[in-house]
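As a plain string of letters, each chain reads:
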Amino acid sequence: MTPTPHVQRTAVVTGAARGIGAAVARRLAGDGLAVGVIDLDEADCGETVEAITSVGGAALAVAADVADEAAVTAAIARIAAAFGPPTVLVNNAGIGPRADLVDMTTQQWDTVLGINLSGSFFAARAVCPHMVTAGWGRIVNMSSISAVGDAGRVDYASAKAGLIGFTKSLALQLGPHGVTANAIAPGFVVSDMTRASARRLGLSFEEFRHRAEQSIPVGRVGLPDDIAHTASFLVSPGAGFVSGQVIYVAGGPVD
C-alpha cells in the first residue's frame with residue numbers, strides 16, 4: 001500500500017535543531033512532507049523551521065526531552081493536531097560523551113541510554129497507532145558505526161547497537177501493517193559531536209577531519225546531507241520493500 005499521492009504526509013524528526021537532524025528535516029520538507037521538528041528547546045529549532053517555511057514548506061518546532069515519555073507523547077500529539085497523523089518518524093536525537101568504563105557514572109549510562117534508545121522507543125510507540133491506522137508508515141532510527149564497538153563510549157555503543165535490534169524487531173512486528181523500519185549507521189560526519197571529539201583530543205577540527213579522511217575509502221568525511229539523502233530514500237513510497245536493514249553511510253565497508 002502507498003499513501004494517496006495528493007495527501008501531504010507528516011514526518012517527525014527528533015534532534016532536528018541542527019546537524020544531521022536539521023538536514024533530514026529540510027530534505028523531507030523538500031520532498032513534500034510537513035515536518036515536526038523536535039529538540040530540547042523550541043527556540044533552537046527556529047533556524048530549521050525558517051529554512052523550511054521560507055521556501056514554502058510546512059514545519060513546526062516542538063520542545064521535548066526525548067528521554068521524557070510524557071513530553072514525547074505530548075509533542076507528537078501536537079504535531080498530529082497541526083499537520084495530521086504522522087506516518088514518518090526519524091529518531092535522530094542522541095548524545096555521545098566519552099568516559100572510560102571505570103570512570104563512567106550510572107547517571108551518565110542512564111542518560112545516554114535514555115536519550116539514544118528509550119527516546120526512540122517512546123517516539124515509535126507514539127506514532128505507531130497512526131501508521132497502523134493508515135496502513136502505511138516509515139521509521140528510521142539513527143544508529144552509528146559505534147554499534148560494532150567503541151572503546152571510549154561503551155554506553156553510546158550499547159545504545160546504538162540496541163537501536164539495531166529495536167529496528168529489526170519493529171520491522172518484523174509492523175511489516176504486516178505496511179510499516180517499514182530501518183536504521184542508518186553514519187560514520188564520521190561533520191557535526192557538533194565530531195567537533196567535540198576533536199577538542200577532547202586537543203586537535204583542531206581541520207586536523208581531526210584530515211586524519212579521518214585518510215582512513216575512509218572514498219577519501220572524504222560525511223556531511224549531514226549524506227545522511228539526509230539516505231533518510232529520504234528510506235521514507236519514500238518506493239522503498240517499501242526495504243525493511244529491517246542497517247545502512248552504513250560511512251564512505252566504505254564497516255566490519
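The text that follows walks through the structure, step by step, so that each part is easy to find. (Residues numbered from 1 in each chain as written. Predicted model: local features only at pLDDT ≥ 70, side-chain atom pairs only at ≥ 80, totals over all residues. Heavy atoms only, no water.)

When helices and strands are counted, the protein shows 8 helices and 7 strands. A compact globule built from 255 residues should have a C-alpha radius of gyration of about 18 Å, and the protein, at 17 Å, falls within 12% of that. Over its C-alpha atoms, taken along the principal directions, the protein stretches across nearly 50 × 35 × 35 Å. Looking at the protein as a whole, 51% of its 255 residues are labelled buried. (Helix = DSSP H or I, 4+ residues; strand = E, 2+ residues; numbered from the N terminus. Rg over C-alpha atoms; globule rule 2.2 N^0.38 Å. Buried < 20%, exposed > 50% of the residue type's maximum accessible area, 1.4 Å probe, protein only.)

Glancing now at the environment of T194. Note that T194 resides in helix α6 (residues 192-200). A relative accessible area of 12% means that T194 is categorised as buried. Spatially, the C-alpha atoms of T194 and I145 are 13 Å apart, while their sequence positions differ by 49 residues. Once you skip the residues sitting within four places of it in the chain, T194 turns out to touch F188, V189, F205 and F208. Separated by 2.9 Å, the side chain of T194 and the backbone oxygen of V189 make a polar contact. (Contact = heavy atoms within 4.5 Å. Polar contact = N/O pair within 3.5 Å; in protein donor to acceptor, adjacent residues only side chain to side chain.)

So, on to empty space enclosed by the protein. Left-over empty space is what a probe sized like a water molecule reveals as it rolls over the atoms. Per the stated rule, a full pass over the model turns up 1 cavity of 30 Å³ or more. Approximately 30 Å³ is the volume attributed to the largest cavity. The biggest single contributor to the lining of the largest cavity is helix α4 (residues 106-134), with 3 residues. Among the residues making up the lining of the largest cavity, the classes are represented as 3 nonpolar, 5 polar and no charged. (1 Å grid on protein atoms, 1.4 Å probe; cavity = no way out; pocket = protein on both sides within 12 Å on 5 of 7 lines; lining within 4 Å. Points joined across faces, edges and corners; volume = space filled by probe spheres on them. Nonpolar A, V, L, I, M, F, W, Y, C, P; charged D, E, K, R; others polar.)

The next thing to look at is the environment of G187. The residue G187 is located in the loop between β6 (179-186) and α6 in this model. Classification of G187 as buried rests on a relative accessible area of 17%. Put simply, G187 and A212 are 25 residues apart on the chain and 10.0 Å apart in space, counted from C-alpha to C-alpha. With near-sequence residues (within four places) excluded, G187 lies in contact with I145, V249 and A250.

Moving on, we get to the side chain of T10. Within the fold, T10 resides in strand β1 (residues 10-14). Of note is the side chain of T10, whose polar atom sits 3.4 Å from the backbone oxygen of G84.

Before going further, it helps to spend a moment on the sheet that holds strand β4 (residues 86-91). With respect to topology, 7 strands assemble into an open sheet ordered β3-β2-β1-β4-β5-β6-β7, the strand pairing being parallel. Bordering the open sheet on either side are β3 (59-63) and β7 (246-249), each of which pairs with just one other strand. Ignoring which end each strand starts from, the neighbouring axes of this sheet average 20° apart. As judged from the 6 bridges shared by strand β5 (residues 137-142) and β6, these two strands associate in the parallel manner. Paired with N141 across the bridge in β6 is A183. (Pairing = 2+ DSSP bridges. Axes fitted to C-alpha atoms, helices over the stretch in contact; angles between N-to-C directions.)

The subject of this paragraph is the packing of aromatic side chains. How two aromatic rings sit relative to each other is set out by the distance from centre to centre and by the angle between their planes. A full pass over the atoms with the stated rule returns 3 aromatic pairs. Here F188 and F205 contribute two aromatic rings whose centre-to-centre distance is 6.3 Å and whose plane-to-plane angle is 35°, an arrangement assigned as tilted. Here the residue F188 occupies a position in the loop between β6 and α6, and F205 occupies one in helix α7 (residues 205-214), the gap between them amounting to 17 residues. According to the relative accessible area criterion, F205 is buried, its value standing at 15%. Relative to F208, the ring of F188 lies with its centre 5.4 Å away and its plane at 50°, an arrangement referred to as tilted. Taken as a pair, F188 in the loop between β6 and α6 and F208 in helix α7 lie far apart in primary sequence, 20 residues in all. Members of the aromatic cluster, joined through ring pairs, are F188, F205 and F208. Stacked on the ring of Y156, the Lys or Arg R153 has its end atom at 4.1 Å from the ring centre. A cation sits over an aromatic face here: R195 above F205, 5.1 Å from the ring centre. (Phe/Tyr/Trp six-rings, centres within 6.5 Å; stacked < 30°, edge-to-face > 60°. Lys NZ or Arg CZ within 6 Å of the ring centre and 35° of its normal.)

Now for the pairing of β6. Extensive coverage of β6 is indicated by the burial of 8 of its 8 residues. Neither face of β6 is exposed, since V179, A181, A183 and A185 on one face and T180, N182, I184 and P186 on the opposite face are all buried. Read as a crossover between parallel neighbours, the route from β5 over helix α5 (residues 154-174) to β6 is right-handed. Strand direction decides the pairing type here: β6 and β7, joined by 4 bridges, are parallel. Each residue of the ladder has a partner; that of A183, found in β7, is V246. (Right-handed = clockwise from strand over helix to strand, strands pointing away.)

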